[in-house]
Amino acid sequence: MSRYFVIGNPVEHSLSPEIHSMFAASAGIQDGFSYEKARFETGRFVEGISALVREQSPKGCNVTLPFKLDAYDYCLSHGGRVTPRAKAAKAVNTLFWAPEGLRADNTDGIGLVQDLEKRWAVSMRGARVLILGAGGAARGLLAVLKDEGCASIHLANRTPAKAADLAADFGVRSVLFTDTWAGGYDIIINTTSASLSNEAPAIPNSAFKDASVAYDLFYSIVDTPFMRLAKDSGVKLVLDGVGMLVEQAAESFYFWNGIRVATEPVYRAISEKVHRLPE
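Computed from a prediction, not measured in an experiment: that's the story for all the values here.

Caption draft 1: Region of interest: the sheet that holds strand E1 (residues 2-8). Spatially, E2-E1-E3-E5-E6-E4 is the arrangement adopted by the six strands of the open sheet, whose pairing is mixed. Single-partner strands in this sheet number two, and they are strand E2 (33-39) and strand E4 (81-82). Set on the sheet, helix H9 (residues 242-257) makes contact with E1, E2, strand E3 (60-63), strand E5 (94-98) and strand E6 (101-105); between it and E5 the angle comes to about 10°.

Structure follows, in structure tokens:
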């Protein structure tokens, strides 16, 4: 049995088991394939992963909030190897106990790019990008976007010092939420956890005046507050994170199994499930 887990807190809502089960079926490896949820206590990642490895012998794990930075530190402290994009991000969302030892990757950034470029024909090259938030998710995006030919990347966070530190790490510019009033952005990406509290990041409507795309990494049955703000501000293409979720999962699946899977059927199935209004 090849066992996989998604680790987070909370993790009960995760759609990763369904996504990876569909990938396994399409790849013809569903027999002997298992993917489960694992909720770790906040601040106790090392204890949780040590117990999981000891008791369940996973082949691979996905890592979500709030443990991506912990997973990076864990990999390095246990002699693991990280991919260049995970090293740049200093955050990990994919762990793999390969025959040659522990390996780790961050598939968030490439998942976003694949969703925008393959599914929505939105190129990052030449785009003026604003990223909201300065946590592990933003790190994962920056590790990839810095090499995608963007015209500019600005970073804004509720805590300006955190944005400034992260921006310095990647050679991009940090701005205050209030600095965004003048617009000048083609693509605005929300990586903050504000949507979990049913709130929108505190940026003005005018920040969206030049934007053609607004992207929220979170998703729900109805539009998130960020998505509503973007639509009210006139943005034509407003997306949630379902596409990125599927694409980053496909990259993880490839990292573990060396198999590229078709993502469009899985995206349609998951999107239908997420966005279906309750009867």
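Caption draft 2: Representation of helix H3 (residues 68-77) within the structure. Along H3, the positions that sit buried rather than exposed are Lys68, Ala71, Tyr72, Tyr74 and Cys75. On an axial view of H3, the arc spanned by its buried residues comes to 165°, and they lie on one face. Immediately downstream of H3, the backbone of Gly79 shows phi near 70°, a positive value.

Caption draft 3: Just the sheet that holds strand E8 (residues 152-156), in detail. Here we have six strands laid out as an open sheet, ordered E9-E8-E7-E10-E11-E12, and parallel in their pairing. With partners counted over all chains shown, the strands left at the sheet margins are strand E9 (173-175) and strand E12 (237-239), one partner each. Recorded for the sheet is a direction-independent mean angle of 20° between the axes of neighbouring strands. Inspection of the sheet shows E8 paired to E9 by three bridges, in the parallel sense. Bridge pairing links Leu155 to Ser174 in E9. Lying on the sheet, helix H8 (residues 225-232) is in contact with strand E7 (128-132), strand E10 (187-190), strand E11 (213-216) and E12; it crosses E11 at an angle near 170°.

Caption draft 4: Region of the structure containing the packing of helix H5 (residues 108-120) against H9. Remark: H5 packs on H9, axes separated minimally by 7 Å, with the N-to-C direction vectors making an angle of 120°. The angle between H5 and H9 places the two elements in the oblique class. Crossing of H5 over H9 shows right-handed handedness. Where H5 abuts H9, its residues Asp108, Ile110, Gly111, Leu112, Gln114, Asp115, Lys118 and Arg119 lie against Gly243, Met244, Glu247, Gln248 and Glu251. Among the residues forming the contact of H5 with H9, the class breakdown is three nonpolar, four polar and six charged.

What counts, and where the lines are drawn
- Residues numbered from 1 in each chain as written.
- Predicted model: local features only at pLDDT ≥ 70, side-chain atom pairs only at ≥ 80, totals over all residues.
- Heavy atoms only, no water.
- Pairing = 2+ DSSP bridges.
- Helix = DSSP H or I, 4+ residues; strand = E, 2+ residues; numbered from the N terminus.
- Contact = heavy atoms within 4.5 Å.
- Axes fitted to C-alpha atoms, helices over the stretch in contact; angles between N-to-C directions.
- Buried < 20%, exposed > 50% of the residue type's maximum accessible area, 1.4 Å probe, protein only.
- Arc of directions from axis to C-beta.
- Parallel < 35°, antiparallel > 145°, perpendicular 65-115°, else oblique.
- Left-handed = near helix turned anticlockwise from the far one by under 90°.
- Nonpolar A, V, L, I, M, F, W, Y, C, P; charged D, E, K, R; others polar.

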